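# Fold and geometry: a report
Listed here are the chains, written in short residue letters.
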Amino acid sequence: NIVSKKLYPYSLNSDINIIMKISSTLSKIILSGTLFFISQITFAGNIERENRLVAEIEDAIMDGDGLWLKTKERKFFSIFTEADDSKGTVILIHGRGLHPDWADVISPLRIGLAEQGWSTLALQMPVLEKDATYSDYVHEFAGAIPRINSAIEYIKAKSNKPIILLAHSCGAHMATEWIGYKKRLSNRGFYYRQRRCNRLYATHACTLSIQLSKGPH
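Here we summarise the structure given alongside this text. If you're wondering where the values come from, they're calculated on a predicted model, not measured in any experiment. (Residues numbered from 1 in each chain as written. Predicted model: local features only at pLDDT ≥ 70, side-chain atom pairs only at ≥ 80, totals over all residues. Heavy atoms only, no water.)

## As for the overall build of the protein chain
Our working definition: The way it works is that DSSP assigns letters per residue, a run of H or I at least four long becomes a helix, a run of E at least two long becomes a strand, and they are numbered from the N terminus. Burial here depends on accessible area, computed with a 1.4 Å probe over protein chains only, as a share of the maximum for the residue type. Under 20% is buried, over 50% is exposed, and the range in between is partly exposed. Here a residue-residue contact requires only that any non-hydrogen atoms of the pair lie within 4.5 Å.
Helix and strand counts for the protein chain stand at seven helices and six strands. For the protein chain, the sequential pattern of α-helices and β-strands runs α-α-α-β-β-β-α-β-α-α-β-α-β. Here the protein chain holds 217 residues, and 42% of them are scored as buried. When contacts within the protein chain are restricted to residue pairs at least 6 apart in sequence, long-range pairs at least 24 apart make up 69% of them.

Below you can see the structure in the form of structure tokens.
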């Protein structure tokens, strides 16, 4: 006991507290740096490729109108197709690495839904290089959040009719990322109903349909 008192003049509890404080401080520094790094890559995407995709389709749109929406970071392209006597608006989100006039899925949906009385707003989502994998796109999911928010704000400014979010493939996972961000939707005058989407595994058959707003009460 005498030896231990001479060699270790401070209590063990005191040392542990000091170590924990140092560890906590280091953890915060590391976490802050990590979050900063992630924030830089999350919203980056491949802007040049996105602009090339938009340039290829913007002048070729036959049904609907090209529309540039804005987030705090930048503007992005979308296509608004207005229905006669519209029942509401469907926000369309394309799959991995594609665009809002994708011939296989999004273009038929945005035109067909408008013919059935639903206006559509097809969004250009963040894209990466052509050889990017699903795992690469996971880091881009959060970049979809401000774009979906911007689309909803635009629609709400035009109409108080129902809003539906319809997404396909990797776009469905971007949409579920937005749901996580808006986890308190039901307390803000919105509710959502989710259909057919596996959150953990991306498949080409994955779709997500969410009713965001009931419209006027």
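## Concerning helix α6 (residues 144-158)
Rules: Expected span, for any helix, means 1.5 Å times one less than how many residues it has.
Taking 1.5 Å of rise per residue, 15 residues should cover 21 Å, and α6 covers 22 Å from first to last C-alpha, within 8% of that figure. Here α6 has its buried residues at Ala144, Ile145, Pro146, Arg147, Ile148, Asn149, Ser150, Ala151, Ile152 and Ile155.

## What to know about the packing of aromatic side chains
The condition is simple: Each aromatic pair joins two rings of Phe, Tyr and Trp (for Trp, the six-membered one) with centres within 6.5 Å, and gets the label stacked for planes under 30 degrees apart, edge-to-face for over 60, and tilted for any other angle. Whether a charge lies above a ring is judged from NZ of Lys or CZ of Arg, which has to be within 6 Å of the ring centre and within 35 degrees of the ring normal.
On inspection of all chains with the given rule, the structure shows three aromatic pairs. Measuring from centroid to centroid gives 6.1 Å for Phe80 and Tyr154, while their planes differ by 80°, and the two rings are edge-to-face. Of this pair, Phe80 sits in strand β2 (residues 75-81) while Tyr154 sits in helix α6, and the two are 74 residues apart along the sequence. What makes Phe80 buried here is its relative accessible area of 9%. If you follow Lys75 out to its NZ or CZ, it ends over the ring of Trp68, 4.7 Å from the centre.

## Details of the side chain of Arg147
To keep it simple, the criterion reads: In the analysis that follows, any N or O atom pair within 3.5 Å is treated as a polar contact, provided that within protein one partner can donate a hydrogen and the other can accept it, and provided that, for residues neighboring in sequence, both atoms belong to side chains.
Inspection of the secondary structure assignment puts Arg147 in helix α6. Judged by relative accessible area, which is 6%, Arg147 ranks as buried. Here the side chain of Arg147 touches Gln124 through a polar contact of 2.6 Å, landing on its backbone oxygen. If we ignore the near neighbours within four places in the chain, the residues touching Arg147 are Glu50, Thr71, Arg74, Phe76, Leu123, Gln124, Met125 and Pro126.

## Digging into the nonpolar core
Let me state the cut-off plainly: What is meant by a nonpolar core is a set of buried Ala, Val, Leu, Ile, Met, Phe, Trp, Tyr and Cys residues, joined one to another through side-chain atoms within 4.5 Å.
Judged by nonpolar contacts, the single largest core of 31 residues is most densely connected at Ile91, Leu121, Leu123 and Tyr137. Residue assignment for this core shows that the elements contributing at least two residues are β1 (65-70), β2, β3 (89-93), β4 (119-123), α5 (134-138), α6, β5 (163-168) and α7 (170-181). Residues Val90, Trp102, Ala122 and Ile164 belong to the second largest nonpolar core, which totals seven residues.

## Digging into the pattern of salt bridges
Rules: Here, a salt bridge means any Lys or Arg side-chain nitrogen found within 4 Å of an Asp or Glu carboxyl oxygen.
Going through the model one piece at a time under the given rule, you end up with three salt bridges. We note a salt bridge from Arg147 to Glu50, for which the minimum N-O separation is 3.1 Å. Of this pair, Arg147 sits in helix α6 while Glu50 sits in helix α3 (residues 47-58), placing them 97 residues apart in sequence. The exposure classification of Arg147 matches that of Glu50, with both residues buried. One salt bridge connects Arg110 with Asp101, and the closest N-O pair in it is separated by 3.0 Å. For the pair Arg110 and Asp101, a shared accessibility class is recorded, and that class is buried. Overlapping salt bridges bring together Glu50, Arg74 and Arg147 as one network.

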